[in-house]
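Summary of the model geometry
Okay, here's what each chain looks like letter by letter:
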Amino acid sequence: MIIGVPKEILDQEGRVAAIPETVLEYIQMGFKVAVQSAAGQGALFGDEAYSHAGAMMVEDPAELFRASDVVLKVKQPWRNEAGGYHEADMIRERAVLIAFLHPAAPVNHEMVLTLARRNITAFSMDAIPRISRAQRMDALTSMSTISGYKAMLIAANRFPKFIPMTGTTIGTIKAAQVLVVGAGVVGLQAIATAKRLGAPVTAVDVRDEARKTAASLGAKIAGFEVPAELAVGPDGRTRALPEEWMQQERELLEPLVQQADIVILSALVPGEVAPLLVTEAMLGGMKPGSIIVDVAIDQGGNCGVTASGGEVSLHGVSIFGLWNIPGSMPVHGSLLYAHNVLHYVKHLFHKGLESMDLEDEIIRESLVTHEGRIVHRGTLKAMGLSHA
């Protein structure tokens, strides 16, 4: 069994799915490991380090994909414009793929259909259930820690004013107002970073526990209470609210968004398209120079006008929809992700390298395509299908 680790091709993605330390462990499990040349360069791991760990170095990505029984990636298969190929077409039929697939996001539907058509068994690291025994595999939490921190720094870098209250020779400049929507791991890191920068922060979340944690970090809590059974499922994960409750949330958010100078959007429902919370109409009432960073863009985005992977300026407001914020911190991003994937692979093959345990809850919830079919519920729902 060969594990293949290609070099990521998404723009500004410097992470790698395996580091020399985890390569050693895969080999000890009985795998052979092939790594594309320069795959670890962005994370400061040279080819020599991989070779020393026992990996075979492969120059040609097509050769690596053809030879690999299990492909480990960071981001979803993507089209290589320079090479004229799509990675989903390069993975050999009936191989296994493990990556952040974000399969419910509309931009990835065609890619998911290709994986199903080619009989690839694909697992998405962003769909791992947040249960205690899955903590070491929880790549979404690991990467969200980076995303929240960097999202606030991105906003601060582009914001045309001071963020903290600042004394000057002509008087005191008021602090910027920060609004964080979604107080999960991303939101909490954004709150902590904004507070370090000296900004007062308002946080909104429909979950009672998330509101309490945000308040403990010094955020002012706004919003309204949602019945617990609507906001959180029996498994402890966030639920998609019914449309009538979504409309109430948008109405509540409108004045908060328009009072804010910086808005960090990070409201997600695991395995589903991100809820639409900020409309174009809201932007018209925002102050010129305001910044929105839509961290939820990998799953479609929380703002109706966010451009996937880019920046939009509208009504004097800059809206950022950067796909892979964790990719801007490739050293620690790779360290965390590579270990999350290692624990996932160990769990997947705990019965032996020739037998994947597809009945386990962690594996079952993160399985996207298998035996020519799409099996992931959130993806089927986003595609408007009952089965595929």
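Higher on the page you've got the structure.
The paragraphs below set out a description of the structure included in this document. Owing to the predicted nature of the structure, the values given are computational and were not obtained by experimental measurement.

Here we come to the overall build of the protein chain. Looking only at helices and strands, one finds 14 helices and 19 strands in the protein chain. For the protein chain, whose C-alpha radius of gyration is 21 Å, the value lies close to the compact-globule estimate of 21 Å for 388 residues. For the C-alpha atoms alone, the extent of the protein chain along its principal axes is close to 65 × 50 × 40 Å. In the protein chain, the proportion of contacts linking residues at least 24 apart, taken out of those at least 6 apart, comes to 70%. Within the structure as shown, the protein chain displays about 16,300 Å² of accessible surface, and the carbon and sulfur contribution to it stands at 53%.

The next point concerns the packing of helix α1 (residues 20-29) against helix α12 (residues 330-348). As a packed pair, α1 and α12 sit with axes 10 Å apart at the nearest point and diverge in direction by 10°. Viewed along their axes, α1 and α12 adopt a mutual orientation that is roughly parallel. Residue-level contacts link Glu21, Thr22, Glu25, Tyr26 and Met29 of α1 to Ala338, His339, Val341, Leu342, Val345 and Lys346 of α12. For the contact of α1 with α12, the per-class residue count stands at 6 nonpolar, 2 polar and 3 charged.

Another point: the packing of aromatic side chains. Summed over all chains, the structure comprises 5 aromatic pairs. Ring geometry for Phe31 against Phe349: centres 5.6 Å apart, planes inclined by 80°, an arrangement best described as edge-to-face. Remark: Phe349 occurs in the loop between α12 and α13 (361-366) and Phe31 occurs in the loop between α1 and β2 (32-36); sequence separation between them is 318 residues. Residue Phe31 is classed as buried on the basis of its relative accessible area, which comes to 3%. For Phe349, a relative accessible area of 5% gives the class buried.

Read from one edge to the other, the open sheet built from 8 strands follows the order β3-β2-β1-β4-β7-β8-β18-β19, with strand pairing classed as mixed. Taken across any chain shown, the strands that pair with only one partner, and hence form the sheet edges, are β3 (56-58) and β19 (373-374). Summarising the sheet, strand β7 (residues 96-100) and strand β8 (residues 121-124) pair through 4 bridges and their orientation is parallel. Paired with Val96 across the two strands is Thr121, which belongs to β8.

Let's shift gears to the sheet that holds strand β12 (residues 201-204). Strand pairing in a sheet relies on backbone hydrogen bonds. The paired strands run either parallel or antiparallel. Sheet architecture is open: 7 strands sit in the order β13-β12-β11-β14-β15-β17-β16, paired in mixed fashion. Of all strands in the sheet, those bounded by a partner on one side alone are β13 (220-222) and β16 (311-314). Each strand axis lies, on average, 20° off the axis of its neighbour in the sheet, ignoring direction. Sheet analysis places β16 next to strand β17 (residues 317-320), joined by 4 bridges and oriented antiparallel. Its bridge partner being in β17, Leu314 is matched across the sheet by Val317.

Below, the discussion takes up the environment of Val74. Relative to the assigned elements, Val74 resides in strand β4 (residues 70-75). Along the primary structure Val74 and Val293 are separated by 219 residues, whereas in three dimensions their C-alpha atoms are 22 Å apart. Apart from residues lying up to four places away in sequence, Val74 is in contact with Glu8, Glu13, Arg15, Val16, Ala17, Ala99, Phe100 and Tyr337.

Within α1 the residues assigned to the buried category are Pro20, Thr22, Val23 and Tyr26. Mapping the buried residues of α1 onto a view down its axis gives an arc of 155°, with all of them on the same face. In this structure, the buried residues of α1 make contact with β1 (2-5), β2, α2 (47-53), β4 and α12. Gly30 sits one or two residues past α1 and shows a positive phi near 115°.

With respect to the helices, strands and loops of the structure, Glu244 is situated in helix α10 (residues 243-259). The exposure class assigned to Glu244 is exposed, which follows from its relative accessible area of 52%.

Position of Leu353 relative to the elements: it lies in the loop between α12 and α13. Take Leu353: its relative accessible area is 18%, and that puts it in the buried class. The contacts of Leu353, once residues within four sequence positions are left out, are Met1, Met29, Gly30 and Phe31.

Another aspect to go through is the pattern of salt bridges. Within the structure shown, the criterion is met by 17 salt bridges. Among the ionic pairs, Lys73 bridges to Glu8, the shortest N-O distance being 3.0 Å. Of this pair, Lys73 sits in strand β4 while Glu8 sits in the loop between β1 and α1, and the two are 65 residues apart along the sequence. For the pair formed by Lys73 and Glu8, the shared burial category is buried.

Quick look at unusual backbone geometry now. Phi is positive for Asn119, close to 60°, though the residue is something other than glycine. Structurally, Asn119 can be placed in the loop between α5 (109-117) and β8. Of note, the phi angle at Glu371 is positive, near 50°, even though the residue is not glycine. Tracing the backbone through its elements, the reader meets Glu371 in the loop between β18 (367-370) and β19. A relative accessible area of 58% means that Glu371 is categorised as exposed.

With that settled, the discussion passes to the pairing of β8. A two-sided burial pattern is seen for β8, the buried positions comprising Thr121 and Phe123 on one face and Ala122 and Ser124 on the other. Considered for its hand, the β-α-β crossover made up of β7, α5 and β8 is right-handed.

Cut-offs applied
Residues numbered from 1 in each chain as written. Predicted model: local features only at pLDDT ≥ 70, side-chain atom pairs only at ≥ 80, totals over all residues. Heavy atoms only, no water. Helix = DSSP H or I, 4+ residues; strand = E, 2+ residues; numbered from the N terminus. Rg over C-alpha atoms; globule rule 2.2 N^0.38 Å. Contact = heavy atoms within 4.5 Å. Areas by Shrake-Rupley, 256 points an atom, 1.4 Å probe, with all protein chains shown as cover. Axes fitted to C-alpha atoms, helices over the stretch in contact; angles between N-to-C directions. Parallel < 35°, antiparallel > 145°, perpendicular 65-115°, else oblique. Nonpolar A, V, L, I, M, F, W, Y, C, P; charged D, E, K, R; others polar. Phe/Tyr/Trp six-rings, centres within 6.5 Å; stacked < 30°, edge-to-face > 60°. Buried < 20%, exposed > 50% of the residue type's maximum accessible area, 1.4 Å probe, protein only. Pairing = 2+ DSSP bridges. Arc of directions from axis to C-beta. Salt bridge = Lys/Arg side-chain N within 4 Å of Asp/Glu carboxyl O. Right-handed = clockwise from strand over helix to strand, strands pointing away.

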